[in-house]
Amino acid sequence: MDISKDQIRRIHTIIHALEMPDCDYRAFLDKWFGVTTCKKLTYREADVVIKRLEYIATKMGRWQPREGNKQKYDELGNRPGMAKPKQLRMIEAMWCDVSYQPDHEAKIKALNRFIFGFFRISHIRFLEDWQAKKIIRALQEMKEHPAKQRRYASCG
């Protein structure tokens, strides 16, 4: 059975959390499985890769394993008018792509300062749906036009 899309996404998420260079990632795959892209892994091989990468990332303090099938912010899922857990995870991931902070904790603090600069809201979990959509648009613009990051960064 071939690797699933969810497994590919999970591998790349962990690689991003590790801030692993592409050449190191490909060398890792080549050494252990004889491939240079995770898309050529089987389902079972991908499972092994995920477990190894999660172990490394956890030991480095850059990853917290999931409890069962729960994802971050899932406990905030049933709040009418408020941002959905998926939106909150998207905002956090997009912020990590544009942030210059050295570690995950500093990035999250900077994200909350960024949000406070826009809406005077102290934490991402208090965003309403319409505010989350605005933040996502701003982060997309920051990623597409890096020169505009300074303008938005001054908000926080």
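The structure contained in this document is the topic of the report that follows. (Residues numbered from 1 in each chain as written. Predicted model: local features only at pLDDT ≥ 70, side-chain atom pairs only at ≥ 80, totals over all residues. Heavy atoms only, no water.)

**A look at the nonpolar core**
For step 1, the next point in the chain: Membership of the largest hydrophobic core comes to 22 residues, with the highest contact counts inside it found for I91, W95, F114, I124, L127, I135 and L139.
For step 2, the next point in the chain: Of all the secondary-structure elements, those providing two or more residues to this core are α4 (85-98), α5 (104-119) and α6 (129-144).
For step 3, the next point in the chain: At 6 residues, α6 tops the list of elements feeding residues into this core.
For step 4, the next point in the chain: Residues contacting L127, with those up to four places away along its chain left out, are R79, M82, A83, L88, I91, I115, F119, I121, A132 and I135.
For step 5, the next point in the chain: Counting 19 residues, the second-largest nonpolar core is a separate cluster that includes I3, I11, I15 and V35. (Core = buried A, V, L, I, M, F, W, Y, C linked by side-chain atoms within 4.5 Å. Buried < 20%, exposed > 50% of the residue type's maximum accessible area, 1.4 Å probe, protein only. Helix = DSSP H or I, 4+ residues; strand = E, 2+ residues; numbered from the N terminus. Contact = heavy atoms within 4.5 Å.)

**Quick look at a nonpolar patch on the surface**
For step 1, the next point in the chain: A contiguous nonpolar patch, built from Y55, I56 and M60 and spanning about 310 Å² of accessible area, is present on the exposed surface.
For step 2, the next point in the chain: Residue position: M60 is located in the loop between α3 (43-59) and α4.
For step 3, the next point in the chain: A relative accessible area of 47% means that M60 is categorised as partly exposed. (Patch = residues over 30% accessible without salt bridge, like charges linked within 9 Å, V, L, I, M, F, W, Y side chains within 5 Å. Areas by Shrake-Rupley, 256 points an atom, 1.4 Å probe, with all protein chains shown as cover. Salt bridge = Lys/Arg side-chain N within 4 Å of Asp/Glu carboxyl O.)

Everything listed is a geometric property; what it means functionally is a separate question.
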